[in-house]
Amino acid sequence: MKTIFVSGTAGSGKSLLTSKLLEHYTNSGVFAAVLNLDPGVENMPYTCDIDVRDYIDYVSIMQQYDLGPNGALVMANDLIASKIDEIQNEVHNVNPDYLIVDTPGQIELFAYRSSGPFIVENLTSEEKTSIFLFDGALITSPVNFVSIALLATSIRLRLNLPAINVLTKTDIIGDKLKEILHWTTSLSTLENAIAKEVDGDTYSLTSNILRGLNLGGFAQGLIPISNTTGDGFINLEGALSRILNLGEEVED
Ligand SMILES: Nc1nc2c(ncn2[C@@H]2O[C@H](COP(=O)(O)OP(=O)(O)OP(=O)(O)O)[C@@H](O)[C@H]2O)c(=O)[nH]1
Ligand SMILES: [Mg+2]
């Protein structure tokens, strides 16, 4: 079994991408299954094979411990780690070739508390990778782009997995797409764009972060996709295949 963790900022398209990947693999005759790790989700665009909500009831946590929505989410996320054996057993029983893991909307709860990295490390799987979604709709300026790339790098450090950077919602960002892709291939173009947007301390902070990030591969190989039109999926599938199958393409 190979495992794909789908991460990214809130609303970036994690659940929709999960459903599209499931559909893609299923249509290609590959046995894929989904594990939902989001205890707070109400509706999802796929039928879930393994669901953390079967073990953790976010609403009862809120009532039982008299917590607000965020306090309950923190507790619910922390409890995920204690359910690893049950989750692992269910995964083992389903036994898919590909397990696609949809992660909680609040990425900071999943990646920065200990349960997310614990699950990532302890879920038994032949190969693992993570996809980080850059929300196309959030990248409205070069400084925003650098700040999301900083988050992507930080999540990569926390999850400690080979990561694939993906830009979503290309269907709604128009000409911005070309500009963003240009920024990823030409550091000087991005630096010039930052200089046009901000100055003083914000400029020096942003450009120093960019240089630091660039040493470790800034937004490396960003793959543009649309979850609604399916544009770019072939490139994402290729990138997943290169990491998970060590270069062998999945047979169609
Ligand atoms: N136009 C467009 N909309 C998208 C795309 N991907 C996701 N969306 C929409 O963006 C919204 C959020 O998508 P989700 O898949 O729920 O995002 P998520 O990251 O799972 O959200 P949370 O789990 O709540 O953080 C939904 O209305 C989706 O239909 C895309 O590529 N293009
Ligand atoms: Mg979601």
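See above for the structure.
What comes next concerns the included structure. (Residues numbered from 1 in each chain as written. Chains lettered and ligands numbered in written order. Predicted model: local features only at pLDDT ≥ 70, side-chain atom pairs only at ≥ 80, totals over all residues.)

1. Remarks on the overall build of the chain
Spelled out, the test is: Helix and strand definitions here come from DSSP, where helices need a minimum of 4 consecutive H or I residues and strands a minimum of 2 consecutive E residues; each element is numbered from the N-terminal end. Radius of gyration: over C-alpha atoms. The globule rule applied is 2.2 Å multiplied by the number of residues raised to the 0.38 power. Residue burial is a threshold on neighbouring C-beta atoms within 10 Å of the residue's own C-beta, all placed from the backbone, with 20 or more meaning buried, 12 or fewer meaning exposed, and counts in between meaning partly exposed. A pair of residues counts as a contact when their C-beta atoms, built from backbone coordinates, are separated by no more than 7 Å.
Looking only at helices and strands, one finds 11 helices and 7 strands in the chain. The C-alpha radius of gyration computed for the chain amounts to 19 Å, which stays within 12% of the reference 18 Å derived for 252 residues, consistent with globular compactness. Taken over the C-alpha atoms alone, the chain extends approximately 55 × 50 × 30 Å along its principal axes. Out of the 252 residues in the chain, the part that is buried amounts to 41%. Counted over contacts in the chain with a minimum sequence separation of 6, partners at least 24 positions apart contribute 75%.

2. Examining the environment of Asn43
If you trace the backbone, Asn43 turns up in the loop between strand 2 (32–36) and strand 3 (50–51). Sequence separation between Asn43 and Ser15 is 28 residues; the distance between their C-alpha atoms is 9.6 Å.

3. Considering the site of ligand 1
Formally: Should the C-beta atom of a residue, placed from the backbone, lie within 6 Å of a molecule or strand, that residue is near it.
Gly13, Lys14, Ser15, Leu16 and Gly105 are the nearest of the 17 residues found near ligand 1. The element that contributes the greatest number of residues to the shell around ligand 1 is helix 1 (residues 14–27), accounting for 3 residues.

4. Focus: the nonpolar core
Stated precisely, the cut-off is as follows: By convention in this section, buried Ala, Val, Leu, Ile, Met, Phe, Trp, Tyr and Cys residues joined through C-beta atoms within 7 Å make up a nonpolar core.
Among the nonpolar cores identified, the biggest contains 63 residues, and Ile4, Ile100, Val101, Phe134 and Val166 are the most heavily contacted of them. Ranked by residue count, the leading element in this core is helix 7 (residues 142–159), at 8 residues. Residue contacts for Phe134: discarding those within four places in its chain leaves Ile139, Ile148, Ala152, Asn165, Val166, Leu167, Thr168 and Leu222.

5. Observations regarding helix 1
Test applied: To estimate how far a helix should extend, the number of its residues minus one is multiplied by 1.5 Å.
When the terminal C-alpha atoms of helix 1 are compared, their 20 Å separation across 14 residues agrees well with the 20 Å that a helix rising 1.5 Å per residue should span. Among the 14 residues of helix 1, 10 are classified as buried, and the element is accordingly described as predominantly covered. If you check which residues of helix 1 are buried, you get Lys14, Ser15, Leu16, Leu17, Thr18, Lys20, Leu21, Leu22, His24 and Tyr25. Close packing links the buried residues of helix 1 with strand 1 (2–8), strand 2, strand 4 (98–102), strand 5 (127–135), strand 6 (163–168) and helix 11 (233–244). Directly after helix 1, the chain includes Gly29, whose backbone phi takes a positive value near 80 degrees.

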